[in-house]
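Inside the fold
If you want the building blocks of each chain, they are given just below.
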Amino acid sequence: MMHPSPWQFCSWVVLVTFISISAMNRCCFSAPSFQYTDWLLQFKQEVDDPLGHLSTWKNGSDICQWTGVQCDKNETRVISISLPNMNLSGSIPSSIGRIRSLVGLDLSDNGFTGSIPTAFANLSRLRSLQLYANQLSGFLPPQLGLLTTLQIFR
């Protein structure tokens, strides 16, 4: 019976380690953080959704498959929320301001009321903020001036 050489054994250990790490990354680190789920479910809870457009937003499901939610190519961060013309209403929940990876937010053509949350100033990567065709009132929060990457604001 032949015994593997030390070189063959080390090669085998490196290969098994690499395969294990690759599988673990796909298995355990590909889903967005549970915090995104909590923040988005809080958003859902705080808005009125009479037509059930947010019915796919359920705990335990892949948030990258939720209506209007887009994740990055690695599916590790929420980068866009697009919920235009869905008959949503109520105040815009400030929980959206916690999703600092957002580059796009479209809540246009709904029935949102009240003011724009000052927590939106936390969205430092935001490039597009679309809130037109709602019933928003009040002043623009001066904190929105901190959004240096913002290119579209309607």
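For the structure, check the block above.
Residues numbered from 1 in each chain as written. Predicted model: local features only at pLDDT ≥ 70, side-chain atom pairs only at ≥ 80, totals over all residues. Heavy atoms only, no water.

When helices and strands are tallied, the protein shows two helices and eight strands. In the protein, which comprises 154 residues, the proportion classed as buried is 35%. Intrachain contacts of the protein at a sequence separation of at least 6 include 52% that bridge at least 24 residues. Total accessible area computed for the protein in this model is approximately 9400 Å², and 57% of it derives from carbon and sulfur atoms. (Helix = DSSP H or I, 4+ residues; strand = E, 2+ residues; numbered from the N terminus. Buried < 20%, exposed > 50% of the residue type's maximum accessible area, 1.4 Å probe, protein only. Contact = heavy atoms within 4.5 Å. Areas by Shrake-Rupley, 256 points an atom, 1.4 Å probe, with all protein chains shown as cover.)

This paragraph deals with the pairing of strand E5 (residues 111-114). Direction of pairing for strand E3 (residues 89-91) relative to E5: parallel, over a ladder of three bridges. Residue pairing for E5: Ser89 is matched across the bridge by Gly111. When E5 meets strand E7 (residues 135-136), the two strands line up parallel, connected through two bridges. Counted as the bridge partner of Gly114 is Leu136 from E7. (Pairing = 2+ DSSP bridges.)

Among the nonpolar cores identified, the biggest contains 32 residues, and Leu40, Val78, Ile96 and Phe120 are the most heavily contacted of them. Counting only elements with at least two residues in this core, the list comes to helix H2 (34-46), strand E1 (69-71) and strand E2 (78-82). Apart from residues no more than four positions distant in its own chain, Val78 is found in contact with Tyr36, Leu40, Ile63, Val69, Gln70, Cys71, Ile99, Ser101 and Leu102. (Core = buried A, V, L, I, M, F, W, Y, C linked by side-chain atoms within 4.5 Å.)

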